[in-house]
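Chain and residue survey
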Amino acid sequence: MTMKEWSESLMESNRLFAIPIMTHPGIDLIGKNVIDAVKSGKVHAEAVSALSKEYPSDGATVIMDLTVEAEAFGASISFAKNEVPNVINRLLSDQKSVEELTIPDLNAARIPEYIEANRIAAKTITDKPIFGGCIGPFSLAGRLFDITEFMMSIYTEPETAMLLLEKCSAFISKYVKAIKETGVNGIIMAEPAAGLLSDEDATAFSSTYIKQIVDEVQDDDFLFVLHNCGNTGHCTPSMIATGANVLHFGNKINITDALQEVPSDILVMGNLDPVTVFKQETPTGVANATKAIIEATKEFKNFVLSSGCDTPPGVPLENIEAFYNTLSQYNKGRN
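Residues numbered from 1 in each chain as written. Predicted model: local features only at pLDDT ≥ 70, side-chain atom pairs only at ≥ 80, totals over all residues. Heavy atoms only, no water.

**So, the overall build of the chain**
- Tallying secondary structure elements over the chain gives 16 helices and nine strands in all.
- Principal axes of the C-alpha set define a box for the chain whose edges measure 60 × 40 × 40 Å.
- Here the chain, with 335 residues, has 56% of them falling under the buried criterion.
- Contacts spanning at least 24 positions in sequence make up 74% of the contacts within the chain whose residues lie at least 6 apart.
- A total accessible area of about 13,400 Å² is found for the chain, and carbon and sulfur atoms account for 48% of it.
- Taking the average place of the 26 positive charges on the side chains of the chain and the average place of its 44 negative ones, the gap between the two points comes to 6 Å. (Helix = DSSP H or I, 4+ residues; strand = E, 2+ residues; numbered from the N terminus. Buried < 20%, exposed > 50% of the residue type's maximum accessible area, 1.4 Å probe, protein only. Contact = heavy atoms within 4.5 Å. Areas by Shrake-Rupley, 256 points an atom, 1.4 Å probe, with all protein chains shown as cover. Lys, Arg positive; Asp, Glu negative; His and termini not counted. Charge placed at Lys NZ, Arg CZ, Asp CG, Glu CD.)

Okay, here's the thing in structure tokens:
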């Protein structure tokens, strides 16, 4: 079955599919720390595999680490034992530094480890699709230039901004192609910073560049999932314009509004809050939130239940079980 056929079968099924973006609980399952997984492709893949075996997700996802590409360009990264990595200090500050910026190769920093994680996962997990991950061009540029300064530059120095976006896009394209070659079934591109822009600006400074990458890698065997958890509903048309065949929304948006706006042949994923629901709620609270979103979206055949973003470290396993038990009960009633 191709991924195109998989998508079509999903929309034809009476069963509700679920693919939460969730890897950190797998790190707990194998007794490792976050820092172990983000620095070792082997540990990373073991966590993805363990989680895939433990819970009935309809797809496996790697960690949504939005520092990997920035580090490859030379950005400084802070690591903690059980927290997601963070970019510290801006790498670029003016036109000259952007002009001198070199597009890295795929041996830079932790890029090889993440490619290896995808490769191992693709060989290990054979019963469901596997989705790699990458950052979007606007979000990457913001991490290199400082997001506030970069947002100003698109108006004050648009040529500098576009040059940086071109370099970011060139590297991301190369990276996604390498991930595709590992044998995974798709990519989840995280472009949250584009949600800070108007729809017009998001199209000009994000979607235009993403579409180029989509056109290069998306095919019947490789799904392109565009994630924008900064979109509150104001830039959904910009997301649609990328041509991505799956759109993933964060918890800031009303998911039924998104489903009404997105064409019915495009899969829509979302959008249970990864922090206030998955991490901080009681199992009963998780079950109730899951029931509510299922009820709100039950008329839409192109909906895939998911978290609104990557679930953070420290999500209680009982909450994950409550999520899947609620989904299972719903699907039993659909048979």
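**Some details on the pattern of salt bridges**
- Taken as a whole, this structure holds ten salt bridges when the rule is applied.
- The residue Arg110 makes a salt bridge to Asp65 at a minimum N-O spacing of 3.0 Å. A residue pair is termed long-range when its members are at least 10 positions apart, and Arg110 in the loop between helix 6 (95–100) and helix 7 (111–124) and Asp65 in the loop between strand 1 (60–61) and helix 5 (68–73) qualify at 45 residues.
- The class of Arg110 is buried, set by a relative accessible area of 6%.
- Residue Glu216 pairs with Lys177 through a salt bridge whose shortest N-O separation is 3.7 Å. Within this pair, whereas Glu216 is found in helix 11 (residues 199–217), its partner Lys177 is found in helix 10 (residues 158–181), the two being separated by 39 residues in sequence.
- What makes Lys177 partly exposed here is its relative accessible area of 37%.
- Residues joined by salt bridges that share partners form a network here, namely Asp65, Glu71 and Arg110. (Salt bridge = Lys/Arg side-chain N within 4 Å of Asp/Glu carboxyl O.)

**With respect to helix 7**
- Compared with an ideal rise of 1.5 Å per residue, which puts 14 residues at 20 Å, helix 7 spans 20 Å between its outermost C-alpha atoms and is within 8% of the ideal.
- Of all the positions in helix 7, only Ile111, Tyr114, Ile115, Ala117, Asn118, Ala121 and Ala122 are classed as buried. Buried residues of helix 7, viewed axially, fall in a sector of 150 degrees; they line one side.
- Those residues of helix 7 that are buried are in contact with helix 3 (34–39), helix 4 (41–54), helix 5, strand 4 (130–135) and helix 10. (Expected span 1.5 Å × (residues − 1). Arc of directions from axis to C-beta.)

**Regarding the sheet that holds strand 5 (residues 186–190)**
- Read from one edge of the open sheet, seven strands run 1-4-5-6-7-8-9, paired in parallel fashion. Both outer strands of the open sheet, strand 1 and strand 9 (303–307), are each paired with one neighbouring strand and no more. (Pairing = 2+ DSSP bridges.)

**Considerations on the packing of helix 8 (residues 137–145) against helix 10**
- Their axes nearest at 9 Å, the elements helix 8 and helix 10 cross at an angle of 120 degrees. Two packed elements cross with a definite hand, and for helix 8 against helix 10 that hand is right-handed. When helix 8 is examined against helix 10, the residues Pro137, Phe138, Leu140, Ala141, Leu144 and Phe145 are found in contact with a partner set consisting of Leu164, Leu165, Cys168, Ser169 and Ile172.
- Considering only residue class, the contact of helix 8 with helix 10 consists of ten nonpolar, one polar and no charged. (Axes fitted to C-alpha atoms, helices over the stretch in contact; angles between N-to-C directions. Left-handed = near helix turned anticlockwise from the far one by under 90°. Nonpolar A, V, L, I, M, F, W, Y, C, P; charged D, E, K, R; others polar.)

**As for a negative patch on the surface**
- Taken together, the side chains of Glu5, Glu8, Glu12, Asp220 and Asp221 make up a negatively charged region of the molecular surface.
- Following the sequence through the fold, Glu5 ends up in helix 1 (residues 3–12). (Patch = residues over 30% accessible without salt bridge, like charges linked within 9 Å, V, L, I, M, F, W, Y side chains within 5 Å.)

**Re unusual backbone geometry**
- Note the cis peptide between Gly270 and Asn271, where omega equals -20 degrees.
- Mapped onto the elements of the fold, Asn271 is located in strand 8 (residues 267–272).
- Look at Ala109: it is not a glycine, yet its phi comes out positive at around 50 degrees.
- Within the secondary structure layout, Ala109 lies in the loop between helix 6 and helix 7.
- Its identity is not glycine, yet Asp146 carries a phi of approximately 85 degrees, on the positive side.

**Comments concerning the state of the cysteines**
- Taken as a whole, this structure holds zero disulfides when the rule is applied.
- Residue Cys235 stays outside any disulfide, its sulfur separated by 11 Å from that of Cys229, the closest cysteine.
- The structure places no disulfide on Cys309, whose sulfur is separated from the nearest cysteine sulfur, that of Cys229, by 4.1 Å.
- Given a relative accessible area of 18%, Cys309 falls into the buried group. (Disulfide = S-S within 2.5 Å.)

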